[in-house]
Each structure stands twice: as structure tokens, then as C-alpha cells.
Amino acid sequence: MRSDNFISPKRFSHIYLEESAKDHPKTTEILSKFPNSHVIPIDSYKEVFNPSSQNFQTQKRSPKLILAKRKEQFLYSGSGVAPDFGYQFFYYNALVLNCLYNCSYCYLQGMYSSANLVVFVNNEDYIRETAEQLKLSKPLYLCISYDTDLLALENTLGYCKEWIEFANIHPDLIVELRTKSANFKSIARLKPTSNIILAWTLSPESVIAEHEPLTPRLSSRLKNIKEALEAGWQVRLCLDPILNVPKWKSIYSDFISRIFEQIPGDKLREISLGVFRMNSDYFKNSKKRRPDSYLFYLPMETHSFVKSYPEELEKEMFAHVEKELESFVSKEKIHRLVASEMQSI
Amino acid sequence: MIFIVVALLPEAKPLITTLDLKILRDQTSFPIYQNEKYSLVVSGIGKVCSAIATTFLLTQYKNEDRNGSWIFNFGICGAPKEISQIGESFLIHKITDRGTGKSGYPDILFKSSLRESSLLTVDQPVFENESVELPNTLVDMEASGFFQASRKFFTSDKIRIVKTVSDHFTKFESITKGEITDTISMRIQNAIPEILQILSIPISPENEFELRPDEIVSLNHFKKTLRLSETETIQLKDWMIGFKIRTGKSPNEGKTFFETTRVSGPNTNPVKTREEGKKGLNALRQFYQS
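To keep things clear, this report deals only with the structure shown in the data block.

Some thoughts on the overall build of chain B
Argument step 1. Across its full length, chain B carries nine helices and ten strands.
Argument step 2. Its C-alpha radius of gyration of 27 Å places chain B more than 25% over the 19 Å reference for a compact globule of 290 residues.
Argument step 3. If one aligns the C-alpha atoms of chain B with their principal axes, the spans along those axes are about 90 × 40 × 30 Å.
Argument step 4. Relative to its 290 residues, chain B shows a buried fraction of 52%.
Argument step 5. Of all intrachain contacts in chain B linking residues separated by at least 6 positions in sequence, the fraction that spans at least 24 positions is 73%.
Argument step 6. In the form shown here, chain B has an accessible surface area of approximately 14000 Å², with 52% of it arising from carbon and sulfur atoms.
Argument step 7. Of note, chain B has its 36 positive side-chain charges centred 9 Å away from the centre of its 35 negative side-chain charges.

Given below as C-alpha cells:
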């Protein structure tokens, strides 16, 4: 039961401000949007974010914002559990740690001890480092919304706009902006850029209701996708993770029909498929932090430190979903991410 | 149980009276006052005493059900004139230990009408002429020790600190010890509404899905009848909890299934071979996971 005393999740009642970030213009911009928040000075974001004696799920009721400056590691090589779509130079970055949403299957709850959001305010350093890497690695495929949902935070941070503008002048950079948000309007006025991929993660409505609390409804996401396609943006659909929910076959069949009632399949760049999978350490932590979710009690197999459904079930799920999708999109546009072929990070 | 740590008896007295706490008759290292809902310990002055008393209290009641429990520290502090008038109470969101330079952060996930502040814990009392060297904040002598010890037992959302300003770093040279004691009690007495406000805010309950005692009986029945190893028993327990979460039904239903389909015959004798046990375990896995 939720107590009325708990602060609303999106308000950021407290903002921890790292000494090194306090004079940054992005800090000033962000703080101006939260005039009623308590601003608490800190030496390093790690002293708030890293301690193990935090309750991830309780903090999700009222997450705090931590503003910090990233000093190093502005690019990471792509994780083995995420799709590289055939690009040799596959990178991701971490502009923000953690997400506004609270999906029950999310690996972040197993990866971090805190549910608070760390925002690195020095985006210009990330952009500079990417420009340097681009001189060595072309084309460079970069996921910028990996351990967070940047589009959901766009009204606060404005990072999507900065990256879209950067990608506009660097055609060899392919940027994936993954989201579950319905916040396309925040970038709708920008010029559609062919090397920016807006990648929407979609789930059946019943899965959203049960396992993706705080995320927008399917209908809102579909409306956004339609608008983005009509405006000429590159859109990828991510049906990922496909979950072993009761009656999953009929639920995913109905879901796919519903998507293509609104979305023209031929306009999509591609569709990415993946069944539930997670690094086995994160799985163990997540199970502890989500004792109310049956997803962590379903039959699983472990391959190379990745937990996923038994191979037979995974194959069956892919085959079923692909068959349904092929009525609406060409086979070449469908990409499978097979758990048993992955390497954990 | 709500655990409370206070440095001095004059600070504790107004709350002991308000909550009608009774002193424990056992001779313990630190005086403990309690009723069925609260346990209050008087630690003595300083961060070391506060840390020891906190650890003592929480170890003493380590068998208490910790779901719903949390810990609270309140007491007097000094403050510069510019940031507070005497008698004002603050909810603390940052504690810095002046000795180590390290800071701790209680998670404030609830709304309250109290002003919030950071707090500096010092090893020696600070007076007017020295206070200029300190950051412009509240100053006490216990909170960092209390917080550090509490964090070994509770997550930071279950640790709360309220401090009431008793002075502006004034040295009370002309008044007696009794008068000082009375002044401290009076400050806290006046702050009782704020203290009670924070005490009355429940912590966020945790969802815990465990087997009920009657379901544990079923688990033990399976274990004995199928001659399961410890690892197999842990696996089975996991499937039973998963079944309970997924279906909302009691895993005792597996017992009926087990009795009607038992591989070793319709009796309660243990299976004769490990193979029979594994077969039975597999049947239960299918029941609980299908």
C-alpha cells in the first residue's frame, strides 16, 4: 500500500550536486527547473550512489537526482547482450545512470544499488570524445540511451537535441536513441536525421500494466511512432524483452496486430526481437529486489553467465512472433537476438 | 519496532514521558526505555558512544521482525544565528563527520513540514569564537556515529535524524548544571510535536514473499518423502514461492497433486531410491512451473 507521505516520483525533491558540476551551465539549467528541491552539496556522486545500504525499490517511490561531472570513460564497447545490427564499431555511453521507469524485468535494479538518477552534466565531453573516436572508427554505431531513457528525460536535460544536432553534421555516426516514452513532441520540431534511429521498445498492453509501471501506454507510444514516421524519422521497433507471461502466444499475436493497425510496416527501418535475458549476477540481485515478481521464478537456463528461458522456449517464442510479424513486414527487417549466442558483459 | 537513540537523559525525558516508555529492569550497559512499539536507548555524549549504543540496542533486539522497523536519532544541536533561531527543529539530510570528512545521507522519501538541513558532527564542543571556522551549518556530537552504526542494520530510508537548535555556540558559564539540564529538557519538550510528526510517518513496507508455516510443512514433507538434498530443497522452495506469486494460490496445492500422482505409491513412506526422488521432484517442478 502506498503511503500519502511519499513524495511523487517525478519531483526530485532532493538534488545532490557534485562539487565539480556546480558551475556547469547544464547544472544551472537543470536546477532552474526544480526551484523547490533541496540542493545538497556532495564531493562525488559515488558517495550517494554507490553505498550498498540502499533500498532500490523504496527509492523508486521518490527518486532523487544526482548531478555530476564525468571525468573519464565517455564511450564503452557494446555489450554482448545488446544487438549491434552488424556494425563493427559498436559503442554505447552513459550520460545518465538509471531510469525514471521501474520495469519489473529491468537489469538496472540488479546492476546498481541505488534507484537515484545520476546525470552527467558535461555532455560536451561525451560529444568531443565521440568525434575523436569517429576519426578512427567509421561508421560508428552508438547507443546513447542505454542505461536510461533519454527521451523520457528530454524536457529536463535536452540531450537528445544536442546529439541529433551533432549527428546531423557527422553522417558516419549512427545513433540509436532507445525509449519507452511518449515524448516525441520534445524533438518533433528538429530536422529528421537519417543517421538517428528512434528505437521504441514496445510491449503488449497487459505486460505494460503488470511489468512496466510508470511507462506510457502502448497506444501513446504507437501514436508517437506514427508521428515520427510521418515526419520522416528512422524508426526501429524493439519487441524486447518478450516475456513468458501466461497465454503469451495469444497476447503477442494480438499485440502485433494492434501495432500494425496503426503503423505501416514498410516504413519501419527494422524490428529487433529478444526474449528475456539478464547477466546472472544482475538476475540474482534483481530477484532479491523484486520478491513480488514471478518473472524471476520462471524456468531459466544459464549460458555464458546470461540467464534466459530454456532454448526450446526461446526458439518457440521467436518463431511465433516472427510468423506474426511477417504478415506486416519483410523478413529481412526482423532481427533476432538469441540469448544462448550472447556473451555477458 | 521503532528504535530511538538519544545522547542525554534530559533530552530523552520529554519523549519518554510522552510515549509512556518504561525503563527495562535488566541491568544493561545502556539504559533502555520501551513499550511495545518503541525502544529508546540513552547513549551518552559523543559519536563513539552513539555508535556503540546504537549497535547495542539493535543487537539486543536482533530477533525483532525488521519489516516495518526503523531507527531515529534526535537531540539538541548548535547552529549559527544566521541559519536558525533557538528552538527550531530540523530534519537532517546530510551528516558530515568533521574528523574523517566523510558524509552520510539519510534517504528522505516522505513529506514533512520540518525544515531540512545538513549537520556536522564534531568531537569537541564548539563555542562562539571557534564556530567561524566551521561550515555554516548545524553542529552536534553524535549523528555521524549513529548513522554509521545504523547503516550496518538498516538501509538509509529507515534512518531518520531530527535536531533541535539549543544554542548559538554559547558557553553557559554563569548557570548551574541543573539549569542546563532543565534548558535542554525544555527545548526538547517544545520540539515534541515535530519529533512526533516524524515518528508517526510509517516507512515504506517491503514486499516479501515467503512460505507460510503450513507451506513450510508441505516443503518439509516433500523433502522427507523424496529424500531431497539441501540444494534440491532450496530449488523446490523457489518453485513453490514462484507458484505462489504467479497464481496467488497456496503451494500446498502441490501436496494434493503429489499425493494423487506419487511415483512411489499412495503412502507417506520415503522413496527407496534417489532416482525415484528425482522423478518426484521433476513432477513437482512441472506442477509448480506449468
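A short note on helix 2 (residues 47-60) of chain B
Argument step 1. Taking 1.5 Å of rise per residue, 14 residues should cover 20 Å, and helix 2 of chain B covers 20 Å from first to last C-alpha, within 8% of that figure.
Argument step 2. The set of residues buried in helix 2 of chain B consists of Lys 47, Ser 50, Ala 51, Ala 53, Thr 54, Phe 56, Leu 57 and Leu 58 of chain B.

Overview of helix 9 (residues 274-289) of chain B
All names here are of chain B.
Argument step 1. For helix 9, with 16 residues, the first-to-last C-alpha span of 22 Å sits near the 22 Å given by 1.5 Å per residue.
Argument step 2. Here helix 9 has its buried residues at Gly 277, Gly 280, Leu 281, Leu 284, Tyr 288 and Gln 289. Taken down its axis, helix 9 places every buried residue within 155 degrees of arc, on the same side. Opposite the buried face of helix 9, at more than 90 degrees from it, the exposed residues are Glu 275 and Lys 279.
Argument step 3. Here the buried face of helix 9 lies against helix 6 (213-226), helix 7 (230-247) and helix 8 (253-261).

Some thoughts on the nonpolar core
Argument step 1. Counting 122 residues, the largest nonpolar core has Leu 202, Leu 239 and Leu 325 of chain A together with Leu 236 of chain B as its most contacted members.
Argument step 2. Discounting chain neighbours no more than four positions away, the residues touching Leu 202 of chain A are Leu 218, Arg 221, Leu 222, Ile 225, Leu 237, Cys 238, Leu 239, Asp 240, Phe 255 and Ile 259 of chain A.
Argument step 3. The next biggest cluster of nonpolar side chains, apart from the first, holds 30 residues, and it includes Ile 4, Val 42, Trp 70 and Ala 191 of chain B.

So, the packing of aromatic side chains
Residue and element names in this part refer to chain B.
Argument step 1. Across all of its chains, the model carries 29 aromatic pairs over all chains by this definition.
Argument step 2. On the basis of an interplanar angle of 20 degrees and a centroid distance of 4.8 Å, the ring pair of Phe 257 and Phe 287 is categorised as stacked. Of this pair, Phe 257 sits in helix 8 while Phe 287 sits in helix 9; the two residues are 30 residues apart in sequence, bridging distant segments of the chain.
Argument step 3. The class for Phe 257 is partly exposed, based on a relative accessible area of 24%.

Overview of the pairing of strand 3 (residues 65-68) of chain A
Residue and element names in this part refer to chain A.
Argument step 1. Across the two faces of strand 3 the burial is the same, with Leu 65 and Leu 67 and Ile 66 and Ala 68 all buried.
Argument step 2. As defined by bridge partners, strand 1 (residues 14-18) adjoins strand 3 across three bridges and the pair is classed as parallel. Note that in strand 3 the partner of Leu 17 across the bridge is Leu 67.
Argument step 3. Alignment of strand 3 against strand 7 (residues 117-120), held across four bridges, turns out to be parallel. Bridging from a neighbouring strand, Ala 68 pairs with Phe 120 of strand 7.

Describing the interface of chain B and chain A
Argument step 1. At the interface, 31 residues of chain B touch 34 residues of chain A.
Argument step 2. Of the roughly 2800 Å² buried between chain B and chain A, counting both surfaces, carbon and sulfur atoms make up 55%.
Argument step 3. Ranking the residues of chain B by area buried against chain A places Tyr 105, Leu 109 and Lys 111 of chain B at the top, with a combined share of 23%.
Argument step 4. Joining chain B to chain A, the criterion identifies one salt bridge.
Argument step 5. Put simply, chain B and chain A have nine residue pairs in polar contact (both at pLDDT 80 or more) between them.
Argument step 6. Looking at the side of chain B that touches chain A, the elements that each hand over two or more residues are strand 6 (89-97) and helix 7 of chain B.
Argument step 7. Element by element, the count of residues in the side of chain B that touches chain A is highest for helix 7 of chain B, at five residues.
Argument step 8. Looking at the side of chain B that touches chain A, its residues break down into 13 nonpolar, eight polar and ten charged.

Some thoughts on the pairing of strand 10 (residues 196-201) of chain A
Residues and elements named next belong to chain A.
Argument step 1. A large share of strand 10 lies buried, amounting to six of its six residues.
Argument step 2. Burial along strand 10 is two-sided: the residues Ile 196, Leu 198 and Trp 200 and Ile 197, Ala 199 and Thr 201 are all buried.
Argument step 3. Here five bridges tie strand 9 (residues 173-179) to strand 10, and the two strands are oriented parallel to one another. Of the residues in strand 10, the one forming a bridge with Leu 177 is Leu 198.
Argument step 4. Looking at chain direction, strand 10 and strand 11 (residues 234-242) are connected through five bridges and run parallel. Following the sheet pairing, Thr 201 is matched in strand 11 by Cys 238.

Structural notes on the pattern of salt bridges
Argument step 1. Applying the stated criterion across every chain, the model contains 33 salt bridges over all chains.
Argument step 2. Between Lys 47 of chain B and Asp 97 of chain B there is a salt bridge, with the nearest N and O atoms lying 3.0 Å from each other. With Lys 47 of chain B in helix 2 and Asp 97 of chain B in strand 6, the pair connects residues that are 50 residues apart, well separated along the chain. Summarising the burial analysis for this pair, Lys 47 of chain B and Asp 97 of chain B share the class buried.
Argument step 3. One salt bridge connects Glu 215 of chain B with Lys 244 of chain B, and the closest N-O pair in it is separated by 2.8 Å. Of the two residues, Glu 215 of chain B sits in helix 6 while Lys 244 of chain B sits in helix 7, which places them 29 residues apart along the sequence. Neither residue differs from the other here; Glu 215 of chain B and Lys 244 of chain B are each classed as buried.
Argument step 4. By sharing partners, the salt bridges in this structure join Glu 176, Arg 178, Arg 236, Arg 269 and Glu 270 of chain A into a single network.

What counts and what doesn't
Residues numbered from 1 in each chain as written. Chains lettered and ligands numbered in written order. Predicted model: local features only at pLDDT ≥ 70, side-chain atom pairs only at ≥ 80, totals over all residues. Heavy atoms only, no water. Helix = DSSP H or I, 4+ residues; strand = E, 2+ residues; numbered from the N terminus. Rg over C-alpha atoms; globule rule 2.2 N^0.38 Å. Buried < 20%, exposed > 50% of the residue type's maximum accessible area, 1.4 Å probe, protein only. Contact = heavy atoms within 4.5 Å. Areas by Shrake-Rupley, 256 points an atom, 1.4 Å probe, with all protein chains shown as cover. Lys, Arg positive; Asp, Glu negative; His and termini not counted. Charge placed at Lys NZ, Arg CZ, Asp CG, Glu CD. Expected span 1.5 Å × (residues − 1). Arc of directions from axis to C-beta. Core = buried A, V, L, I, M, F, W, Y, C linked by side-chain atoms within 4.5 Å. Phe/Tyr/Trp six-rings, centres within 6.5 Å; stacked < 30°, edge-to-face > 60°. Pairing = 2+ DSSP bridges. Buried area = accessible area lost by both parts, 1.4 Å probe. Salt bridge = Lys/Arg side-chain N within 4 Å of Asp/Glu carboxyl O. Polar contact = N/O pair within 3.5 Å; in protein donor to acceptor, adjacent residues only side chain to side chain. Nonpolar A, V, L, I, M, F, W, Y, C, P; charged D, E, K, R; others polar.

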